[in-house]
Every structure is written in structure tokens, then in C-alpha cells.
Amino acid sequence: MMWLRTSCGFWFDIVVPTPFILMLRPRSGAQQWVALEEYRLVPSVNVFEFTDQYGNLCQRLVAPPGKFSVHTTAEVMTSDHIDQGFGAPFVEIQDLPDAVLGYLLPSRYCEAEQFGEMATEITAGYLPGYDQVAAIENWLRSAIRFEPGSSDVPVSAVEVNLRQYGVCRDLAHLGIALCRSLSIPARLVVGYLYGLQPMELHAWFEAYVAGRWYTFDATQSVVRGGYVALGYGRDAADVAVYNQFGPSVYPVASEVQVDLIQR
């Protein structure tokens, strides 16, 4: 295991009172333990927290006109390696938990119905289940160019496949669509990765085989640990770290940092 200190900050210039929904608090679970948190808003405003349908911790607030900033810090224990499960079997649809079924379906940015033939070709000769997902991950590494900063808005799996490059979120969308086309549940995860270059918020995907979720990240050439999850969902529409409503507001600055610490 390893201890990480994650921090994130956004700075805004607000023109009119602006409602926000934030998703910036990591949740303790089977793969990570959150020991300490700080959540600071400047200026301070009323915040209401709720848990969304995917179990993510979300914060509602209205930002006042003027300069407004959000700063979060957490100390998290997480795994220093990623579990691999070669040979782990495909789970028959009738045996999947109810909470997993929604991750089989096409979604806004993961048009699984478009990829059946392609996924079958990519995974030909591989055992159903984990080995198929690993083959998809390897195909993404070789066929889709990872270009940090190449896109500011979510791009669908179909478009990523056509243009053959994308940011971490784009590669994950395509991987999810390919998995779902094979009836393997898959979901998007947004959070932090220790040692990521350039350092920024990160996205990867998980696939459900052999009764559990496994992590896959085609942007990394070496399988390693150091992941801290902030949110889970069907695709980027479910896991935006912030949504704002009304006239568009964009950060004038942002900062992300992940440090290895001793506890």
C-alpha cells in the first residue's frame, strides 16, 4: 500500500450568482481509504452534499459574483499495484448484480452498439472475460494515440475511433464501448494518478469480470498503482468534477498535485 496527498484547486471569475455541482471528494472503499480531508471555498458559501446514483459524493452550492475558488486536499491510502486477473471468467448476464446491469448499456459517449464486430475482431482467440478486456487495452495503446491536452470537451467513442487520438477520457470511452459491445460491464473512473505526466486530473476505466471490478488504463505503458478515484459513472456525462449552470464559466486557473507521503 502507499499513502498519497492529493490536492486540487479551481479559480473562477463569477459574473452572476452561479449554481455548481462539484464532485471533488474521494470516497473510502475497497480500493482506497481516505484518512484526512480539507475542503475550502473562498469566499465561504452554504454547501449541501448528496450521494448520486453511482455512489459519488457531490456538493451543491451557488457561487457569488466576483472571484471564487475551490481548494481540496486529501490524504489517501491506496494500492501500490494494480490487480490483474488473466483467466478471470466472463460473468453471464443473468448472474450480474443488479447495480452492475446499467454498465452494459450504450451511453452518451460510449455507443456500444456500434462496436460489436470491431470488438470481436480485436479479442479473437482470447478467453471471454479479463483476457478480452486486456486485449482491448493493448489495442488502444497501439491504435489510439494518447495526446494530453488535445481536447477540452468530451468526445464519443465513435469520434475517437475515427480520429485515432485523444486524451485519457477519450481512450477510456472507446475501451468502455468495446467492452460493453461484448456484454462486459464497464464504467468510467475520474480521479488522480501518482506520477502522471503532465499532472492533471485523470480518467481510466474499469471492467466487471469474475465478480469484481478490474482497472484498465491504456494511457500508461506500465501497469502500476497510485490511483485515487473521485467518481464513477457510465461516461464523462456522469463524472464531471464540476458542472455549472447558467452563463458559461471557465476556470481562470487550476492546479492538481499528487505527492507520496509517509504516515
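Residues numbered from 1 in each chain as written. Predicted model: local features only at pLDDT ≥ 70, side-chain atom pairs only at ≥ 80, totals over all residues. Heavy atoms only, no water.

1. Structural notes on the environment of S156
Test applied: Runs of H or I in DSSP of at least four residues are treated as helices and runs of E of at least two as strands, each being numbered from the N terminus. Throughout, exposure labels follow a simple rule: accessible area from a 1.4 Å probe, protein chains only, divided by the maximum for the residue type, with under 20% read as buried, over 50% as exposed, and the rest as partly exposed.
Note that S156 resides in the loop between β7 (145-146) and α3 (157-163). Judged by relative accessible area, which is 14%, S156 ranks as buried. With 13 residues separating them in the primary sequence, S156 and R169 have C-alpha atoms 9.6 Å apart.

2. A look at the layout of surface pockets
Going by this rule: Definitions used for this entry: grid spacing 1 Å over protein atoms alone; cavity, a set of points where a 1.4 Å probe fits but cannot get out; pocket, an open set with protein on both sides within 12 Å along at least 5 of 7 lines; lining residue, one with an atom within 4 Å of a point. Grid points are joined across faces, edges and corners, and a volume is the space filled by probe spheres set on the points. Note on residue classes: Ala, Val, Leu, Ile, Met, Phe, Trp, Tyr, Cys and Pro are nonpolar, Asp, Glu, Lys and Arg are charged, and everything else, Gly too, is polar.
Considering only enclosed or pocket space, the largest pocket measures out at about 1300 Å³ in volume. Around the largest pocket sit 33 residues that line it, and D152, V153, R169, V241 and Y242 are the ones nearest its centre. For the lining of the largest pocket, the elements supplying multiple residues, two or more each, are α4 (168-181), β10 (202-209), β13 (242-244) and β14 (253-261). Looking at the lining of the largest pocket, its residues break down into 21 nonpolar, seven polar and five charged. Roughly 240 Å³ of volume is contained in the second largest pocket. Lining the second largest pocket are 18 residues, with Q31, S79, H81, I82 and T215 sitting closest to its centre. If one sorts the elements of the lining of the second largest pocket by residue count, strand β11 (residues 212-216) sits on top with four residues. Residues belonging to the lining of the second largest pocket are distributed by class as follows: seven nonpolar, eight polar and three charged.

3. Describing α4
Quick reminder of the rule: By this rule, a helix spans an expected 1.5 Å times one less than how many residues it contains.
An ideal rise of 1.5 Å per residue puts 20 Å on 14 residues; α4 measures up with 20 Å between its terminal C-alpha atoms. With 13 of its 14 residues buried, α4 lies for the most part within the structure.

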